[in-house]
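Here's the letter readout for the chains.
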Amino acid sequence: MNFGVSTSMDVAAISIPSLHFSIKSSAAISLQAPRSRNACSVSLFSGFRRFGLRIISVKAEQASSRVTDDDFIIEDVPHLTDFLPHLPSYPNPLKNSQAYAIVKETFVKPEDVVAQKIVVTKDSTRGIHFRRAGPREKVYFKPDEVRACVVTCGGLCPGINTVVREIVCGLNFMYGVNDILGIEGGYRGFYSKNTLTLTPKVVNNIHKHGGTFLRTSRGGHDTNKIVDNIQDRGINQVYIIGGDGTQRGAALIYQEIAKRGLQVSVAGIPKTIDNDIAVIDKSFGFDTAVEEAQRAINAAHVEVGSVDNGVGIVKLMGRYSGFIATIATLASRDVDCCLIPESPFYLEGTGGLFEFIEQRLKENGHIVIVLAEGAGQDFIARDMHAAEEKDASGNRLLLDVGPWLSQKIKDHFTKVQKMAVNMKYIDPTYMIRAIPSNASDNVYCTLLAQSAVHGAMAGYTGFTVGPVNSRHAYIPIARVTETQNTVELTGRMWARLLASTNQPSFVTNSEELKEKAADINNVDISAQI
Ligand SMILES: Nc1ncnc2c1ncn2[C@@H]1O[C@H](COP(=O)(O)OP(=O)(O)O)[C@@H](O)[C@H]1O
Ligand SMILES: O=P(O)(O)OC[C@H]1O[C@](O)(COP(=O)(O)O)[C@@H](O)[C@@H]1O
Ligand SMILES: [Mg+2]
């Protein structure tokens, strides 16, 4: 797409085919995209950089319609100057930091973006890009004016304490910020608990412990009470660590703050053991959890390998997404069958689980089944006539598939097959998420935390930070909350698993399930490696 840029500053018109601009203020140009065939979300950076203008991207009404030729879409994040246009900026103190003294490019260029699509062909459209994370030349907070707070919400996962620690140390060591509060016990802590004072000394060793030093909770998100508290306490940077639910809550907090016109940056750091957060490569702590799951799978394999007709079942976390079970199975190679929420399965008849277990017991004398806790929920609910219940955040409370499946298998083989089986059931669910993060997750958590700090100090807000194709980016919160990341049954990763376990596909053996799988996975599979 080509566009002309007017050189005289007083001319407010910059014409782009089918798009018209008006310069609203010296700080930003807003695109008033008319209802046009080619309207799309556009951000223009380099053309205006030298004018000191900041371009905000807008979502045209028909964001789905793409500019056909050089389809270079930038999904930008909000900035404090979007609603506080006269906010002063200051030189980034990193400029004087000895650590960064010889860094070739200390600051991220304003036009640096990260591509969401990296598997391309010569004629590919360029697709969606996100603003690259990292330190900027200008900051919008004076270090001694910053009063930051950190809050952790939802379930545990390895590495939460590392993120908390590195937010505190990053603010203090890189930006000279000394006023940092801990919000205790999740969102409700804003209005129901006293704050903790966080210093590098206080958080020095917390990364060596699992859980969250700040404690957490589900439920209790009251946007107005939270923002009232932020305002009353004079907090001007909010770091929110949590999963998809938490990030939805963060979006509401950001919107209320913008509505009130408060100079407060809201930075979301995505967290979940389930890796169900969209757009980012994977959530922190996931690798640590998969590594810990190997110990449970290995124990099951040792147990069942030491007895006749040993049936080992290991239940792992994964409420709606079966990534932990899938990747732990691929990593282990001791697993004969992996069941996940995304893949329907059935027990009886040709191609069913019972037939497969019988075949493996005959072949090897034992079998190991890895089970995501969210697998088979509809099956169990029908079988037990159980009504659906929810937790304090509105998440589905799961029926316990582990004991249910163990009993089903025991009943089938003893009563129907007249064959005694040695059932060994292991449930390490909370064990794999309550441990401290491993070395690689610790480094990942450090980059996440520092990216969040750089973003907030540079005045960005209403963003979630995370790696997109291994490069940290600032992602609009709505982007990571609008869909949930799930294992694609039509992707190559799941095919790799089926090829490694040789388990029944369950789907290809049954027309009815094939439609169901198609529905589940009516998404672009190119994203799957
Ligand atoms: N749609 C939502 N809007 C506002 N707050 C939400 C929303 N969903 C969840 N929350 C809040 O976010 C916090 C954590 O949500 P939860 O789903 O339990 O865990 P996670 O965010 O880790 O997946 C809870 O305090 C919950 O009240
Ligand atoms: O912590 P609780 O309330 O027992 O919930 C357990 C659930 O939390 C999870 O660990 C995910 O929690 P988050 O989405 O909050 O990270 C699921 O895997 C599991 O089903
Ligand atoms: Mg969640």
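Residues numbered from 1 in each chain as written. Chains lettered and ligands numbered in written order. Predicted model: local features only at pLDDT ≥ 70, side-chain atom pairs only at ≥ 80, totals over all residues. Heavy atoms only, no water.

Under the annotation held in an unreviewed UniProt entry, the protein chain carries the name ATP-dependent 6-phosphofructokinase and is attributed to Cucumis sativus. Quoted straight from UniProt, the Function (unreviewed entry) entry for the protein chain says "Catalyzes the phosphorylation of D-fructose 6-phosphate to fructose 1,6-bisphosphate by ATP, the first committing step of glycolysis." UniProt lists a comment for the protein chain under the heading Subunit (unreviewed entry), and it reads "Homotetramer." (UniProt positions renumbered as here; feature names shortened; annotations may be inferred.)

Caption draft 1: Geometry of the UniProt feature "domain: Phosphofructokinase" (unreviewed entry) in the protein chain. UniProt's feature table lists "domain: Phosphofructokinase" (unreviewed entry) at residues 148–454, given in the numbering used throughout. Between the end C-alpha atoms of residues 148–454 the distance is 13 Å, and the span holds 44% helix and 16% strand. (Helix = DSSP H or I, 4+ residues; strand = E, 2+ residues; numbered from the N terminus.)

Caption draft 2: Here's a closer look at the site of ligand 1. Neighbouring ligand 1 are 18 residues, the closest being Arg 218, Gly 219, Thr 246, Lys 271 and Ser 393. At a separation of 2.6 Å, an oxygen atom of ligand 1 approaches a polar side-chain atom of Arg 218. Between Asn 395 and ligand 1, the recorded distance is 2.9 Å, taken from a side-chain N or O atom to an oxygen atom. Within the complex, 85% of the 550 Å² of free accessible area of ligand 1 lies under protein. Its residues assigned to classes, the shell around ligand 1 comprises three nonpolar, 11 polar and four charged. (Near = heavy atom within 4 Å. Polar contact = N/O pair within 3.5 Å; in protein donor to acceptor, adjacent residues only side chain to side chain. Areas by Shrake-Rupley, 256 points an atom, 1.4 Å probe, with all protein chains shown as cover. Nonpolar A, V, L, I, M, F, W, Y, C, P; charged D, E, K, R; others polar.)

Caption draft 3: Up close: the domain arrangement of the protein chain. Taken domain by domain, the protein chain holds domain 1 (73–282 + 437–482) and domain 2 (286–435 + 488–524). Look at where the C-alpha atoms of domain 1 and domain 2 centre, and you get two points 36 Å apart. Taken together, the 17 residues of domain 1 in the interface contact 19 residues of domain 2. Buried surface at the junction of domain 1 and domain 2, both sides included, amounts to about 1600 Å², of which 47% is carbon and sulfur. In terms of surface lost to domain 2, no three residues of domain 1 exceed Arg 218, Ile 273 and Asp 274, which account for 35% of the buried area on that side. At the junction of domain 1 with domain 2, the criterion picks out two salt bridges. (Domains from an automatic or database assignment. Contact = heavy atoms within 4.5 Å. Buried area = accessible area lost by both parts, 1.4 Å probe. Salt bridge = Lys/Arg side-chain N within 4 Å of Asp/Glu carboxyl O.)

Caption draft 4: Local environment of the site of ligand 2. Gly 155, Asp 274, Glu 373, Tyr 430 and Arg 433 are the nearest of the 14 residues found near ligand 2. Asp 274 is positioned with one of its side-chain polar atoms (N or O) 2.6 Å from an oxygen atom of ligand 2. Between Arg 433 and ligand 2, the recorded distance is 2.6 Å, taken from a side-chain N or O atom to an oxygen atom. The protein chains hide 84% of the 480 Å² of surface that ligand 2 would expose on its own. Residues that form the shell around ligand 2 fall into these classes: four nonpolar, four polar and six charged. Two domains each provide a minimum of three residues to the shell around ligand 2, namely domain 1 (73–282 + 437–482) and domain 2 (286–435 + 488–524).

Caption draft 5: Spatial organisation of the nonpolar core. By size, the foremost hydrophobic cluster in this structure holds 113 residues, and its most contacted members are Ile 167, Tyr 239, Ile 269 and Phe 284. Mapped onto the domain boundaries, this core takes at least three residues apiece from domain 1 (73–282 + 437–482) and domain 2 (286–435 + 488–524). Judged by nonpolar contacts, the second largest core, of 26 residues, contains Leu 339, Ile 357, Ala 375 and Leu 405. (Core = buried A, V, L, I, M, F, W, Y, C linked by side-chain atoms within 4.5 Å. Buried < 20%, exposed > 50% of the residue type's maximum accessible area, 1.4 Å probe, protein only.)

Caption draft 6: Molecular detail of helix H6 (residues 244–260). Its 17 residues place the ends of H6 25 Å apart at the C-alpha level, agreeing with the 24 Å of an ideal helix rising 1.5 Å per residue. Along H6, the residues that are buried comprise Asp 244, Thr 246, Gln 247, Gly 249, Ala 250, Ala 251, Ile 253, Tyr 254, Glu 256 and Ile 257. In this structure, the buried side of H6 is in contact with helix H2 (80–83), helix H5 (223–233), strand S13 (237–242), strand S14 (265–270), strand S21 (463–468) and helix H14 (477–481). At the exit of H6 stands Gly 261, carrying a positive phi of roughly 70°. (Expected span 1.5 Å × (residues − 1).)

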